[in-house]
Amino acid sequence: QVQLVESGGGLVQAGGSLRLSCAASGTFFSINAMGWYRQAPGKQRELVACITSGSATIYSDSVKGRFTISRDNAKNTVYLQMNSLKPEDTAVYYCNADVRRRYGTPAYDYWGQGTQVTVSS
C-alpha cells in the first residue's frame, strides 16, 4: 500500500501564509512527479502546482508568484509554501504522487485525504 499524509492546513487571514506538507509512506520503488490540487465548494478539482523528480515546476496562473512547490526526495515529501493568501484560495487541498511500486512496472497516481485551507478577508 501507498499512503500520502498531508498536514499544515488551517485558517488564516488574507495576506497570511501557510505551508502544506505531504509525506509518502508504504512500499514503492520510486516517486515520479508530485503535485497539489485544490477543490472549492461547487467547483471542479484543479491543478495548483506540480514538480517532477528532477525538480522542474509548473504553476497555475492564479498562484504563480505567491506559491512555491518543493520536494525532499530523501523524505519522500512534497511541500507547498503559500504566501499572500487570498479568500479565493479557500479550498480543500489534495496531494498527488505518481508512484512506481516495483521496478519494471507501471506507475500510478495516488492521492492524499485532503486538507482544508480557509482564508478570511
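Refer to the structure presented above.
Residues numbered from 1 in each chain as written. Predicted model: local features only at pLDDT ≥ 70, side-chain atom pairs only at ≥ 80, totals over all residues. Heavy atoms only, no water.

### With respect to the environment of Ser 84
Keep this limit in mind: Comment: elements are numbered from the N terminus, with helices defined as DSSP H or I runs of at least four residues and strands as E runs of at least two.
When you line up the elements, Ser 84 lands in the loop between strand 8 (77-82) and strand 9 (91-100). C-alpha separation for the pair Ser 84 and Asn 32, spaced 52 residues apart in sequence, amounts to 29 Å.

### Re the packing of aromatic side chains
For any pair of aromatic rings, the description consists of the separation of the ring centres together with the inter-plane angle of the planes. What counts is decided by this rule: For this analysis, a ring pair means two rings from Phe, Tyr or Trp (six-membered ring only for Trp) whose centres lie within 6.5 Å, classed as stacked if their planes differ by under 30 degrees, edge-to-face if by over 60, and tilted for the remaining angles. Relative accessibility under 20% of the residue-type maximum defines a buried residue, over 50% an exposed one, and the middle range a partly exposed one, all with a 1.4 Å probe and only protein chains included.
Enumeration according to the criterion identifies two aromatic pairs in this entry. Between the aromatic rings of Phe 29 and Tyr 103, the centroid separation amounts to 5.5 Å while the plane-to-plane angle is 65 degrees, which identifies the pairing as edge-to-face. Of this pair, Phe 29 sits in the loop between strand 3 (18-26) and strand 4 (30-39) while Tyr 103 sits in the loop between strand 9 and strand 10 (107-111), and the two are 74 residues apart along the sequence. For Tyr 103, a relative accessible area of 69% translates into the label exposed.

### Focus: the state of the cysteines
As a reminder, the rule being used: Whenever a pair of cysteine sulfur atoms sits within 2.5 Å, that pair is classed as a disulfide.
A complete count under the given rule lists one disulfide for this structure. Looking at the unpaired Cys 50, the closest cysteine sulfur is the one in Cys 95, lying at 12 Å.

### A short note on the sheet that holds strand 7 (residues 67-72)
Where we set the bar: By definition, two strands form a pair when at least two bridges between them are found by DSSP. Helix axes are fitted to C-alpha atoms over the stretch in contact, other axes to C-alpha atoms as well, and angles between N-to-C directions run from 0 to 180 degrees.
The strand order across the open sheet built from four strands is 1-3-8-7, with neighbouring strands paired in antiparallel fashion. Of all strands in the sheet, those with a lone pairing partner are strand 1 (2-7) and strand 7, marking the two edges. Here the average twist between neighbouring strands, direction ignored, is 15 degrees. Relative to strand 8, strand 3 runs antiparallel, the two sharing six bridges. Bridge pairing in strand 8 links Ala 23 to Thr 77.

Limitation: the analysis is restricted to geometry and does not speak to function.
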